[in-house]
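# Per-entry structural report
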Amino acid sequence: QFQVGILPSNHPNEKLPDRTPEQFFEEEVRPILEYRLPGFADCQILNTRTVDFDLNYIDGTPIIGQHPEFTNIYMATGFNGRGPMFGPAVARAISEYFMDDGYVNIDFSRFSFDRFLNQKETVENFFV
């Protein structure tokens, strides 16, 4: 048994699919699976579920660091379902930020909330 799916688009105006999960699978997911893994040509759906992803619709990249107004709040959000992949690096960077008064080994300052106040979007073409 395998769990498969497609992450949502970063486009804020994209609507949720107007199809059943089974139709969405047949029209969107199955063709990709069959292309990449031909053995999935005869797979069957055993179960479906909707998962809510935390997505930053402004520029599609994470928000990491201290809140600019409420300085006792630190954020690590907006990973679009990829939190487990980035979690260890973000945890290390945030702990360094606390313990060493700034980033040491991994500098996530470009993902700070301040970029929205300064109208500087962070564009990451390789962030998948």
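The model shown is predicted, which means the values in this text are computed figures rather than measured ones. (Residues numbered from 1 in each chain as written. Predicted model: local features only at pLDDT ≥ 70, side-chain atom pairs only at ≥ 80, totals over all residues. Heavy atoms only, no water.)

Moving on to the overall build of the chain. When helices and strands are counted, the chain shows three helices and two strands. N-terminal to C-terminal, the α/β element order of the chain is α-β-β-α-α. Burial statistics for the chain: of 128 residues in total, 27% are counted as buried. With the model as given, the accessible surface of the chain reaches about 9700 Å², and the carbon-plus-sulfur share is 53%. (Helix = DSSP H or I, 4+ residues; strand = E, 2+ residues; numbered from the N terminus. Buried < 20%, exposed > 50% of the residue type's maximum accessible area, 1.4 Å probe, protein only. Areas by Shrake-Rupley, 256 points an atom, 1.4 Å probe, with all protein chains shown as cover.)

Here we come to the environment of Q66. Among the secondary structure elements, Q66 is positioned in strand β1 (residues 63–66). Sequence spacing of Q66 and I94 is 28 residues, and the spatial spacing of their C-alpha atoms is 9.3 Å. Other than its neighbours up to four places away in sequence, Q66 contacts T71, I73, Y74, M75, Y97 and F113. Engagement of the side chain of Q66 in a polar contact is seen with the side chain of Y74, the distance being 3.3 Å. (Contact = heavy atoms within 4.5 Å. Polar contact = N/O pair within 3.5 Å; in protein donor to acceptor, adjacent residues only side chain to side chain.)

A few words on the packing of aromatic side chains. In the structure shown here, the tally under the stated rule is seven aromatic pairs. Consider the rings of Y103 and F108, whose centres lie 6.4 Å apart with planes at 85°: the pair is edge-to-face. Owing to a relative accessible area of 12%, F108 belongs among the buried residues under this scheme. By the ring-pair criterion, three or more aromatic residues cluster together here, those being Y74, Y97, F98, Y103, F108 and F111. (Phe/Tyr/Trp six-rings, centres within 6.5 Å; stacked < 30°, edge-to-face > 60°.)

Time to look at the pattern of salt bridges. This structure, assessed with the given rule, holds four salt bridges. For R30, the salt bridge goes to E26, with nearest N and O atoms at 2.8 Å. Of this pair, R30 and E26 both sit in helix α1 (residues 21–36), four residues apart, roughly one helical turn. For the salt bridge of R92 with E96, the shortest nitrogen-to-oxygen distance reads 3.1 Å. In this pair, R92 and E96 are both assigned in helix α2 (residues 83–100), four residues apart and thus about one turn of the helix distant. For R92, a relative accessible area of 44% puts it in the partly exposed group. Judged by its relative accessible area of 8%, E96 falls in the buried class. Several salt bridges converge on common partners, so that one network encompasses E26, R30 and E34. (Salt bridge = Lys/Arg side-chain N within 4 Å of Asp/Glu carboxyl O.)

An α-helical turn contains 3.6 residues, so a residue and the one three or four places further along point in the same direction. Across its 16 residues, α1 extends 21 Å between first and last C-alpha, which sits within 8% of the 22 Å expected from 1.5 Å per residue. V29 marks where α1 bends most, by close to 45°; the proline P31 follows one to four residues later. (Expected span 1.5 Å × (residues − 1). Bend = angle between axes of the 7 residues up to and from the residue.)

On to a nonpolar patch on the surface, then. On the surface, a cluster of nonpolar side chains totalling about 340 Å² of accessible area is made up of Y74, F98 and M99. Assessed through its relative accessible area of 69%, M99 is described here as exposed. (Patch = residues over 30% accessible without salt bridge, like charges linked within 9 Å, V, L, I, M, F, W, Y side chains within 5 Å.)

Turning our attention to the side chain of D59. Within the secondary structure, D59 is located in the loop between α1 and β1. Residue classification places D59 among the buried positions, given a relative accessible area of 14%. In this structure the side chain of D59 is engaged in a polar contact, spanning 2.8 Å, whose partner is the side chain of T61. Here the side chain of D59 touches R115 through a polar contact of 2.9 Å, side chain to side chain. With residues up to four places along the chain from it excluded, the contact list for D59 reads R115, F116, E121 and T122.

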